[in-house]
Amino acid sequence: MGGLSCTHLLTLANLKRGDVAKILELASELKQKQKRGIKHELLPGRIIALIFEKPSTRTRVSFEVGIRQLGGSSLY
């Protein structure tokens, strides 16, 4: 997430003033690109580990799809 003050979002307390607005702006931009079929690979060559406290197929699949759309791979 270019321009944001944290690299790992573990809690909202890690965010600085204005970061939430930047995250929402980026999300809106990526959503528009997705609708228009424009590639937006922010995670090229990256592998993301998915660790969940409770099993949830819907959540896991949603994360896997999002990671793939951003050009990354995931492990569960």
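All figures in this text were calculated on a predicted structure; none of them were measured in a lab. (Residues numbered from 1 in each chain as written. Predicted model: local features only at pLDDT ≥ 70, side-chain atom pairs only at ≥ 80, totals over all residues. Heavy atoms only, no water.)

Caption draft 1: Geometry of the overall build of the protein. Along the protein, the regular secondary structure elements total two helices and two strands. Considering the protein as a whole, with its 76 residues, one finds that 13% of them fall into the buried category. Taking as baseline every contact in the protein between residues at least 6 positions apart, the subset at least 24 positions apart corresponds to 47%. For the protein, the accessible area works out to roughly 6,400 Å², and carbon and sulfur atoms hold 56% of it. (Helix = DSSP H or I, 4+ residues; strand = E, 2+ residues; numbered from the N terminus. Buried < 20%, exposed > 50% of the residue type's maximum accessible area, 1.4 Å probe, protein only. Contact = heavy atoms within 4.5 Å. Areas by Shrake-Rupley, 256 points an atom, 1.4 Å probe, with all protein chains shown as cover.)

Caption draft 2: Spatial organisation of the pattern of salt bridges. In this structure the tally under the stated criterion is three salt bridges. Here Lys-39 and Glu-41 are joined by a salt bridge, their closest N and O atoms 3.5 Å apart. (Salt bridge = Lys/Arg side-chain N within 4 Å of Asp/Glu carboxyl O.)

Caption draft 3: A look at the packing of aromatic side chains. Under the defined criterion, the tally for this structure stands at two aromatic pairs. Summarising the aromatic geometry, the rings of Phe-52 and Phe-63 are spaced 5.7 Å apart at their centres and angled 75 degrees between planes, so their arrangement reads as edge-to-face. Placement of the pair is Phe-52 in the loop between strand E1 (47–49) and helix H2 (57–69) and Phe-63 in helix H2, with a sequence separation of eleven residues. The exposure class assigned to Phe-52 is partly exposed, which follows from its relative accessible area of 28%. (Phe/Tyr/Trp six-rings, centres within 6.5 Å; stacked < 30°, edge-to-face > 60°.)

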